[in-house]
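Coordinates in review
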Amino acid sequence: MSFSYRSILAKSVKQTSFIRSGIQQRSYGALRAVAASDPRHDHTVHITSSRGVTITHDPLLSKGTAFSLDERERLSIRGLVPPRCQDMDKQLLRVKRNLDGCDTPLAKFIFLSALQDRNETLFYKLLIEHLEELSGIIYTPTVGLACQKSHSIYRRSRGMYFSSQDRGRMSAMVYNWPHDEVDVIVVTDGSRVLGLGDLGANGMQIPIGKLSLYVSAGGIRPRAVLPVVLDVGTNNQSLLDDPLYLGMDHRRLEGEEYYDMVDEWVTAIHSRWPNALIQFEDFKYPHAYNLLNKYRDKITCFNDDIQSTSAITLAGILASLKARGKEQTDLSEERIVCVGAGSAGVGVCEGIIDCLVAQGKVKTREEAYRRIWMLDQDGLLGNNAITTNEPNSFVQGAVRDTPLDERQQSYVKHDMADRLTLEQVVEKVKPTVILGLTGIRGVFTEKAIRTMAQHTEKPVVFPLSNPDTHAECTAEEAFKWTDGRAIFASGSPFKNVEMPGGKIGYTNQCNNSYSFPGLGLGITVSRASRVTPTMFLETARVIADLATPEQLKQGILFPGVSKLRDIALAVGTRVCDVAYEEGVATATLKEFELLSDVVENSMYKPEYVPLVYHQNNH
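Residues numbered from 1 in each chain as written. Predicted model: local features only at pLDDT ≥ 70, side-chain atom pairs only at ≥ 80, totals over all residues. Heavy atoms only, no water.

1. Observations concerning the overall build of the chain
Within the chain one finds 26 helices and 20 strands. Whereas a compact globule of 618 residues would reach a radius of gyration of roughly 25 Å, the chain reaches 25 Å, a difference of no more than 12%. Here the chain holds 618 residues, and 59% of them are scored as buried. Within the chain, residue pairs in contact and separated by at least 24 positions form 74% of the contacts whose partners lie at least 6 positions apart. Surface exposure of the chain reaches about 25,400 Å², of which carbon and sulfur atoms provide 49%. Of the charged side chains in the chain, 69 are positive and 74 negative, and the gap between their average positions amounts to 4 Å. (Helix = DSSP H or I, 4+ residues; strand = E, 2+ residues; numbered from the N terminus. Rg over C-alpha atoms; globule rule 2.2 N^0.38 Å. Buried < 20%, exposed > 50% of the residue type's maximum accessible area, 1.4 Å probe, protein only. Contact = heavy atoms within 4.5 Å. Areas by Shrake-Rupley, 256 points an atom, 1.4 Å probe, with all protein chains shown as cover. Lys, Arg positive; Asp, Glu negative; His and termini not counted. Charge placed at Lys NZ, Arg CZ, Asp CG, Glu CD.)

Structure follows, in structure tokens:
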């Protein structure tokens with residue numbers, strides 16, 4: 001591969017020590033000029049047909065106190081805003097001071113939501129400048145609490161709701177959205193929100209939070225994103241009983257009725273925005289897989305929980321190999337235990353299998369499956385024909401509460417008894433890596449982790465469930481139970497751990513916020529007609545290669561969250577490149593244009609641009 005993606009990151013953060021010599025970047029000759037909708041054209045001037053209070057109340061157009069005197073005159077807002085013009089720097093000072101005065105994460109979430117509702121440019125400028133501090137407010141872990149309380153803290157509608165009462169009307173409804181150009185849509189049915197379960201229409205906060213990261217980290221234009229809830233009802237009785245709940249007050253649609261409604265929505269969306277990327281988010285198992293398999297070869301879409309989570313987890317494992325003095329190609333020597341056999345657990349493991357096969361050290365996919373031991377709520381996916389005399393094991397012929405599906409069957413260990421406990425599996429397998437994707441606090445027991453640490457010098461412990469209150473173990477527990485030797489990564493952020501003797505146990509956030517912004521950027525810039533498996537594999541490889549040798553020695557696997565925008569640029573460039581390599585890119589570039597420059601210049605930057613009124617804008 002001729003690119004060096006750590007060099008792209010280095011360029012963007014001015015870390016010249018990262019830059020490798022002899023880099024050649026792909027360029028494309030004899031191609032038609034870019035289309036008029038190219039996002040690089042957004043940085044000059046904006047023509048609007050709005051004037052007066054409509055301008056000041058439009059979050060995409062409002063500048064608050066930063067309108068120039070000329071703008072106030074031509075937009076008919078003179079006298080409608082305070083007389084003194086203040087630039088964005090002073091506005092940032094004001095909002096940050098007020099934000100710091102909020103005493104709880106939820107209060108900060110509400111404050112930031114209000115800012116986004118009145119001035120999106122200022123909101124994204126603040127977010128980008130304080131990404132490490134605020135990403136945990138607009139997304140996990142705080143967004144989980146915001147979802148639970150969404151119907152109580154509701155202030156203003158954002159995004160679109162398609163409910164069971166809208167059947168037969170969705171193709172007309174999509175034209176209620178005011179923007180003709182939509183690049184990225186994040187949609188949920190609220191059936192499996194983080195590790196919190198069924199939150200129904202309250203799940204809207206998840207697409208809003210994801211798209212805030214698409215814009216701030218991935219550089220997608222704010223007016224080109226659309227958060228969506230498919231309200232098919234809820235089985236959460238507490239919500240159904242709550243008079244303030246804003247979603248449909250019936251139990252969830254299931255079966256053919258459910259899939260017919262989703263299909264009507266997909267058809268309606270695709271009819272108006274055929275080039276938009278659709279990200280399926282927080283759909284429960286097996287709907288998540290069924291929808292992905294139905295649409296992945298028909299439209300531009302992916303499932304974040306299955307595929308994007310898989311990419312960042314694989315990146316963490318590959319980086320951990322380097323942190324242990326190994327090569328990424330040594331993946332086939334790892335013994336991986338995955339606790340969690342739902343859509344996220346199976347999806348993560350399928351990404352690992354893809355990488356094992358691509359590396360070529362295993363001959364078949366079936367051989368790759370032997371490197372992973374998977375457990376569900378009942379225990380190991382094993383052979384119920386095998387008896388065991390061990391205590392706390394299940395008897396021969398016992399029937400599971402839920403039969404395994406075809407995807408889970410691939411992970412069945414025919415040489416081990418079914419439903420062995422985690423402690424029993426760890427004792428037998430002696431894993432080097434343990435993954436948690438259960439959404440259940442405390443699944444990683446002290447005995448299991450201590451046993452694991454007896455057999456491997458640097459145990460790789462990844463409790464990946466969100467929010468932090470649902471993590472399989474805490475960072476403090478992982479370092480304590482491994483005598484400070486763990487390589488630790490979690491879905492939600494944990495603070496570094498100070499251990500006896502002053503040693504620091506460094507934590508990593510193995511969250512898909514590292515992967516999906518760059519994926520969306522590359523897919524959008526290339527106008528990819530499909531999202532391919534190679535895009536996720538290459539995303540993992542790029543991210544795994546970004547930490548410095550010094551960071552890896554300390555157990556730091558990724559650059560900090562403050563570098564998400566730079567990481568998205570590196571990932572987006574490679575994803576865009578893959579789209580052209582695999583023939584799914586439909587965008588055309590100017591003659592001899594460097595792809596990395598195209599991607600970087602396409603990224604939205606939150607800056608005020610001059611507003612010009614034109615009555616016949618349409």
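2. A closer look at the side chain of Asp117
Along the chain, Asp117 falls in helix α5 (residues 105–118). A polar contact is formed between the side chain of Asp117 and the side chain of Arg158, at a distance of 3.0 Å. Here Asp117 is in contact with Pro59, Arg156 and Arg158, once residues within four sequence places are set aside. (Polar contact = N/O pair within 3.5 Å; in protein donor to acceptor, adjacent residues only side chain to side chain.)

3. Side note on the nonpolar core
Counting 153 residues, the largest nonpolar core has Ile185, Trp265, Ile352, Leu435 and Met535 as the members making the most contacts within it. If sequence neighbours within four positions are ignored, Leu435 has contacts with Thr313, Ile317, Ile336, Val337, Cys338, Val339, Val348, Ile352, Phe444 and Phe462. Of all hydrophobic cores here, the second largest spans 27 residues; its members include Trp373, Val426, Met452 and Cys473. (Core = buried A, V, L, I, M, F, W, Y, C linked by side-chain atoms within 4.5 Å.)

4. Focus: the environment of Lys210
Structurally, Lys210 can be placed in helix α11 (residues 205–216). We classify Lys210 as buried; its relative accessible area is 0%. In the structure, Lys210 is positioned 222 residues away from Thr432 in sequence and 32 Å away in space, judged by C-alpha atoms. Excluding its chain neighbours within four sequence positions, the residues that come into contact with Lys210 are Tyr139, Val186, Gln279, Glu281, Asp304, Asn512 and Phe516. A distance of 3.2 Å separates a polar atom in the side chain of Lys210 from a polar atom in the side chain of Tyr139.

5. Concerning the sheet that holds strand β14 (residues 460–463)
A sheet is described by the order of its strands in space; here seven strands give the open sequence β10-β9-β8-β13-β14-β15-β18, paired in mixed fashion. Each edge of the open sheet is held by one strand with a lone partner, namely β10 (379–380) and β18 (507–509). Bridge analysis of strand β15 (residues 487–490) against β18 gives three bridges, and the strand direction is parallel. Looking at the pairing, Ser490 lines up with Gln509 of β18. (Pairing = 2+ DSSP bridges.)

6. Some points on the packing of aromatic side chains
Per the stated rule, a full pass over the model turns up 13 aromatic pairs. Judged by centre distance (5.6 Å) and plane angle (65 degrees), the rings of Phe302 and Phe536 are edge-to-face. With a gap of 234 residues between them, Phe302 in strand β7 (residues 301–303) and Phe536 in helix α23 (residues 533–544) connect regions that are remote in the sequence. Judged by relative accessible area, Phe302 falls into the buried class, the value being 0%. Phe536 gets classed as buried once you look at its relative accessible area, which sits at 7%. In this structure an aromatic cluster arises from ring pairing among Phe123, Tyr124 and Tyr604. Over the face of the ring belonging to Tyr613 we find Arg51, whose NZ or CZ atom lies 4.1 Å from the ring centre. The side chain of Lys413 reaches across the aromatic face of Trp373, ending 5.5 Å from its centre. (Phe/Tyr/Trp six-rings, centres within 6.5 Å; stacked < 30°, edge-to-face > 60°. Lys NZ or Arg CZ within 6 Å of the ring centre and 35° of its normal.)

7. Considerations on helix α6 (residues 120–129)
With seven of ten residues buried, α6 is to be regarded as a mostly interior element. What α6 keeps buried is the set Glu120, Thr121, Leu122, Phe123, Tyr124, Leu126 and Leu127. Taken together, the buried residues of α6 touch α4 (88–100), α5, α7 (131–138) and α11. Regarding α6, its N-cap is Asn119, as a side-chain oxygen of that residue lies 3.3 Å from the backbone nitrogen of Thr121 further along.

8. Here's the deal with the environment of Thr140
Relative to the helices and strands, Thr140 is located in the loop between α7 and α8 (142–148). Owing to a relative accessible area of 2%, Thr140 belongs among the buried residues under this scheme. The spacing of Thr140 and Gly439 is 299 residues in sequence and 13 Å in space, taken between C-alpha atoms. Residues contacting Thr140, with those up to four places away along its chain left out, are Ser135, Asn466, Pro467, Gly491, Ser492, Pro493, Gln509 and Asn511. Reaching out from Thr140, the side chain makes a polar contact with the side chain of Ser492 at a distance of 2.7 Å.

9. Observations regarding the sheet that holds strand β5 (residues 225–231)
Reading across from one edge, β3-β5-β4-β6-β7 is the order of the five strands in this open sheet, with parallel pairing throughout. Single-partner strands in this sheet number two, and they are β3 (160–163) and β7. Each adjacent strand pair in this sheet contributes to an overall mean axis angle of 20 degrees, direction not counted. Looking at chain direction, strand β4 (residues 184–188) and β5 are connected through five bridges and run parallel. Bridge pairing in β5 places Ile185 opposite Leu226. (Axes fitted to C-alpha atoms, helices over the stretch in contact; angles between N-to-C directions.)

10. Here we look at the pattern of salt bridges
Here the structure, examined in full by the defined rule, presents 32 salt bridges. Close ionic contact of Arg192 with Asp305 constitutes a salt bridge, the shortest N to O distance being 3.2 Å. One end of the pair, Arg192, is in the loop between β4 and α11; the other, Asp305, is in helix α15 (residues 304–323), with 113 residues separating them in the sequence. Look at Arg192 and you get partly exposed, because its relative accessible area is 23%. A salt bridge links Glu254 to Lys284; its shortest N-O distance comes to 3.0 Å. Here Glu254, found in the loop between α12 (237–240) and α13 (255–272), pairs with Lys284, found in the loop between β6 (277–280) and α14 (287–295); they are 30 residues apart in sequence, far enough to count as distant. Beyond isolated ion pairs, a larger network of salt bridges with shared partners links Glu538, Arg541, Arg574, Asp577 and Glu581. (Salt bridge = Lys/Arg side-chain N within 4 Å of Asp/Glu carboxyl O.)

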